[in-house]
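The residues making up each chain are set out below.
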Amino acid sequence: MIIDSHCHLHDPAYADLRETLRTAFAHDVWGVVAVGVDPGTNARTLAAAAAAPKAVWPCLGFHPEAPALTDEDLARVEAQVAEHHSRIVALGEIGLPWYSLEGAVDAAALMARGRERLHRLLELAARWDLPVALHAPHGAAVGALEALLRHGIERAVFHWHKAPEEVTREIVSAGYFVSVTPEVVYRERDRELVQALPLESLLVESDGPWTYRGEFEGLPSGPWFASRVAEEVAKLKQMPVEDVMHQLSTNACSLFDLVWA
Ligand SMILES: [Zn+2]
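Calculation rules
Residues numbered from 1 in each chain as written. Predicted model: local features only at pLDDT ≥ 70, side-chain atom pairs only at ≥ 80, totals over all residues. Heavy atoms only, no water. Phe/Tyr/Trp six-rings, centres within 6.5 Å; stacked < 30°, edge-to-face > 60°. Helix = DSSP H or I, 4+ residues; strand = E, 2+ residues; numbered from the N terminus. Buried < 20%, exposed > 50% of the residue type's maximum accessible area, 1.4 Å probe, protein only. Salt bridge = Lys/Arg side-chain N within 4 Å of Asp/Glu carboxyl O. 1 Å grid on protein atoms, 1.4 Å probe; cavity = no way out; pocket = protein on both sides within 12 Å on 5 of 7 lines; lining within 4 Å. Points joined across faces, edges and corners; volume = space filled by probe spheres on them. Nonpolar A, V, L, I, M, F, W, Y, C, P; charged D, E, K, R; others polar.

### Concerning the packing of aromatic side chains
Then comes step 1: Here the structure, examined in full by the defined rule, presents eight aromatic pairs.
Then comes step 2: Judged by centre distance (5.7 Å) and plane angle (90°), the rings of Trp30 and Trp57 are edge-to-face. Of this pair, Trp30 sits in strand 2 (residues 29–34) while Trp57 sits in strand 3 (residues 56–60), and the two are 27 residues apart along the sequence. Neither Trp30 nor Trp57 differs from the other in exposure class; each is buried.
Then comes step 3: The interplanar angle of 55° and the centroid separation of 4.8 Å between the aromatic rings of Phe216 and Phe225 together place this pair among those described as tilted.
Then comes step 4: Owing to a relative accessible area of 3%, Phe216 belongs among the buried residues under this scheme.
Then comes step 5: What links up through ring pairs into an aromatic cluster is the set Trp160, Tyr186, Trp210, Tyr212, Phe216 and Phe225.

### Comments concerning the pattern of salt bridges
Then comes step 1: What the rule picks out here adds up to 13 salt bridges.
Then comes step 2: The residue Glu183 makes a salt bridge to Arg187 at a minimum N-O spacing of 3.3 Å.
Then comes step 3: With a shortest N-O distance of 2.7 Å, Arg228 and Glu215 are connected by a salt bridge. Taken together, the positions of Arg228 in helix 8 (residues 225–237) and Glu215 in the loop between strand 8 (202–204) and helix 8 put the pair 13 residues apart, joining distant regions of the chain.
Then comes step 4: Among the residues examined, Arg228 registers a relative accessible area of 16% and is labelled buried.
Then comes step 5: Classification of Glu215 by relative accessible area gives partly exposed; the value is 44%.

### Things to note about the layout of surface pockets
Then comes step 1: Counted as a void, the largest pocket has a volume near 410 Å³.
Then comes step 2: Surrounding the largest pocket, 21 residues form its lining, His135, His159, Trp160, Asp207 and Trp210 being those nearest its centre.
Then comes step 3: Grouping the constituent residues of the lining of the largest pocket by class yields nine nonpolar, seven polar and five charged.
Then comes step 4: If you add up the space inside the second largest pocket, you get close to 280 Å³.
Then comes step 5: Along the wall of the second largest pocket there are 14 residues; nearest its centre are Ala163, Glu165, Thr168, Glu192 and Leu193.
Then comes step 6: Those elements giving two or more residues to the lining of the second largest pocket turn out to be helix 6 (165–173) and helix 7 (188–196).

Worth remembering: the numbers are spatial, not functional.
Right, dumping it as structure tokens:
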């Protein structure tokens, strides 16, 4: 059995929550860490967790790559965190922009705004002693790592991780987790990442409803993919899948302070 450490259960694809969780369970996925990206999706994430408290652990987030999100939206998310901090398992997803900077004429200003927003969110995480689920791909990873260290954040995961090797090494030696998606089944970069890192630093996720290529082509995406990711991690590590699933679940439980079911 395994936990999907990052899924957008707020998405309309999962409107039938009971069926989503049933399918996940049939694929050995017994719990989902559900992230939000703005005030509206955060509210839907809390509702999903209230409807299925044993299988859904909610996070409240503010996505760094959504240019339309305003400072008022951020203030609303801050208020949501203040109100619900005892019910949530993390802030996420939050982070720094990267993809949305490409080709932007005001990329430097957008990055500066992103840093300031992340700073505000990490202050909240520190205040409530919450871990964070980060979106900080490629060149954004090093800035996010610096921000975590500056704020004294002890628990974090770099979701769908991709970064220069030396940055990844620093992330892991600082005690943070990195997570991999179904891409690990068919993408060499992700396979090398898994082989290079200790199992104790890894999480698996679906990032549903994001869709994938390879054997996942045309399949509906969801938490049920997490067990296939774990199976592939086991192959890469040349370890029994049961042992790998147990360690990956232990990692998720320790990061998000979840109670083992
Ligand atoms: Zn995501």
